[in-house]
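Here is what each chain is made of, one letter per residue.
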Amino acid sequence: MAPPGSGFAIVTPASRGIGFAFARHLLQHTNLPIIATARSGSDSLRHRLLRGIQKSAAEERLHVFDMDVTEESTVRSLANNIRQTHPKASLRLALTVPGILHVEKSPSQIDAHAALESLKVNTLGPMLLMKYLTPFLPTRSSPVFEPCDGELKLPKHAIYAMMAARVGSVSDNRMGGWYSYRASKAAVFQLAKTLDLYLGGKCGDRAISLALHPGTVKTDFTKSYQDGREMLSAEESAERLLGVLCSLGLEERGRCWDWKGDEVRP
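Here we summarise the structure given alongside this text. (Residues numbered from 1 in each chain as written. Predicted model: local features only at pLDDT ≥ 70, side-chain atom pairs only at ≥ 80, totals over all residues. Heavy atoms only, no water.)

Right, let's get into the environment of glutamine 84. Residue position: glutamine 84 is located in helix α4 (residues 72-85). Distance from glutamine 84 to valine 264, taken between C-alpha atoms, is 37 Å for residues 180 residues apart in sequence. (Helix = DSSP H or I, 4+ residues; strand = E, 2+ residues; numbered from the N terminus.)

With respect to the helices and strands, aspartate 68 occurs in the loop between β3 (62-66) and α4. Every residue in contact with aspartate 68, bar those within four places of it in the chain, is listed here: Arg39, Thr74 and Val75. (Contact = heavy atoms within 4.5 Å.)

Moving on to the sheet that holds β3. Pairing is parallel across the open sheet formed by seven strands, whose spatial order is β3-β2-β1-β4-β5-β6-β9. Looking at which strands have only one partner, the edges of the open sheet turn out to be β3 and β9 (256-258). Going from strand to strand, the sheet's axes swing by 20 degrees on average, the running direction of each strand aside. One ladder, built from four bridges, connects strand β4 (residues 91-96) with strand β5 (residues 158-163); its direction is parallel. The residue bridging alanine 94 from the neighbouring strand is tyrosine 160, located in β5. (Pairing = 2+ DSSP bridges. Axes fitted to C-alpha atoms, helices over the stretch in contact; angles between N-to-C directions.)

On to a negative patch on the surface, then. Where like charges cluster on the molecular surface, the negative patch consists of Glu151, Glu235, Glu236 and Glu239. Along the chain, glutamate 236 falls in helix α7 (residues 234-247). Relative accessible area serves as the criterion here: at 40%, glutamate 236 is assigned to the partly exposed category. (Patch = residues over 30% accessible without salt bridge, like charges linked within 9 Å, V, L, I, M, F, W, Y side chains within 5 Å. Areas by Shrake-Rupley, 256 points an atom, 1.4 Å probe, with all protein chains shown as cover. Salt bridge = Lys/Arg side-chain N within 4 Å of Asp/Glu carboxyl O. Lys, Arg positive; Asp, Glu negative; His and termini not counted. Charge placed at Lys NZ, Arg CZ, Asp CG, Glu CD. Buried < 20%, exposed > 50% of the residue type's maximum accessible area, 1.4 Å probe, protein only.)

Turning next to the nonpolar core. Among the nonpolar cores identified, the biggest contains 44 residues, and Phe22, Leu26, Leu49, Leu93, Leu95 and Leu210 are the most heavily contacted of them. With residues up to four places along the chain from it excluded, the contact list for leucine 49 reads Ala14, Phe20, Ala23, Arg24, Leu27, Ala36, Leu62 and Val64. (Core = buried A, V, L, I, M, F, W, Y, C linked by side-chain atoms within 4.5 Å.)

Here we come to the packing of helix α1 (residues 17-29) against α7. Between two packed helices, both the angle of their axes relative to each other and the distance between the axes serve to describe the pair. Between α1 and α7, the shortest axis-to-axis distance is 8 Å and the interhelical angle comes to 60 degrees. With respect to α7, the element α1 is oriented oblique. Between α1 and α7 lies a crossing whose hand is right-handed. Contacts from Gly17, Ile18, Ala21, Phe22, His25 and Leu26 of α1 reach α7 at Ala234, Glu235, Ser237, Ala238, Glu239, Leu241 and Leu242. (Parallel < 35°, antiparallel > 145°, perpendicular 65-115°, else oblique. Left-handed = near helix turned anticlockwise from the far one by under 90°.)

Next up on the list: helix α2 (residues 42-50). Along α2, the residues that are buried comprise Ser42, Leu45, Leu49 and Leu50. Around the axis of α2, the buried residues are gathered within 125 degrees of arc, so they sit on the same side. Counted as exposed and oriented over 90 degrees from the buried face of α2: Asp43 and His47. Looking at the buried side of α2, the elements it contacts are α1, β2 (34-38), α3 (58-61) and β3. (Arc of directions from axis to C-beta.)

Here we come to the pattern of salt bridges. Oppositely charged side chains are able to pair whenever their charged atoms sit close together. For the coordinates displayed, the defined rule picks out seven salt bridges. One salt bridge in this structure joins aspartate 258 and arginine 166, with 2.9 Å as the shortest N-O distance. You can see aspartate 258 sitting in strand β9 and its partner arginine 166 sitting in the loop between β5 and α6 (179-202), a full 92 residues away along the chain. Between aspartate 172 and arginine 174 there is a salt bridge, and its shortest N-O distance comes to 2.8 Å. Owing to a relative accessible area of 27%, aspartate 172 belongs among the partly exposed residues under this scheme. Take arginine 174: its relative accessible area is 67%, and that puts it in the exposed class. Put simply, Arg255, Glu263 and Arg265 are held in one network by salt bridges that share partners.

Let us look at the pairing of β2. Within β2, five of the five residues are buried, which leaves it mostly tucked inside the rest of the structure. The alternating pattern of β2 places Ile34, Ala36 and Ala38 and Ile35 and Thr37 on opposite faces, both of which are buried. Of the pairings in the sheet, the one linking strand β1 (residues 8-12) to β2 comprises three bridges and is parallel in character. Across the sheet, residue valine 11 finds its bridge partner in β2, namely alanine 36.

With that settled, the discussion passes to α4. Taking 1.5 Å as the rise per residue, α4 with 14 residues should run 20 Å; its terminal C-alpha atoms sit 20 Å apart, in good agreement. Among the residues making up α4, those that are buried are Val75, Leu78, Ala79 and Ile82. The arc that holds every buried residue of α4, seen down its axis, measures 95 degrees, which confines them to one face. The inward-facing, buried residues of α4 abut β1, β2, β3 and α5 (112-133). (Expected span 1.5 Å × (residues − 1).)

Residue threonine 12 is joined to proline 13 through a cis peptide bond whose omega torsion reads -10 degrees. Its location among the elements puts proline 13 in the loop between β1 and α1.

The following block contains the structure:
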């Protein structure tokens, strides 16, 4: 198990794509306790995450829970489970990555049900996660995190990261389309900044919030528009993003950063 004071990490959801890659990388390259979630099939996810990992303590470090980001009762249950599994530890790294994509190329293709689903998963989902996970972040009076053993050298402050997307940037929008996805992801830029302002008061320099852009990643999420274009694998994107998180200082808080370490302007 991780030494006292090292905190714990959460990846939600971690059932596939970049969330799965994040959880696997943390299991392999840190000694942090890790919480992962799936909408269903947590036992199956646990087996898949541990497959082929040789570290003997990995099974003890990993807890997997069912949680549907669109159902507040399940997010509340997740928080209760965290209190039981890690009663004295602070949240050191949160990677919140819920996402769903409905593509509308013109206003006539907008479907109310699909658009509402996009907003529930991509915008309201991160808001509910913020509501129930931020109480686990360290406060101004919390002990400083101890160094995290492993190849991934996390900073001393906690990081609450949420997945945005470059297409959510208003200043970068040159092609249009993707109305519900753009709108729902644009909100994540605002959520990251607003949460960081709150953490600045409550946590000081002990915790920051920011948003991430993973690049164009080859997953089931993007299969409908891959069309031979150059893409990152989920593993490549996760590794690069975690490296970026380890390199960012307190002055980079509240903004959105891509897998290359470049800022994505709102």
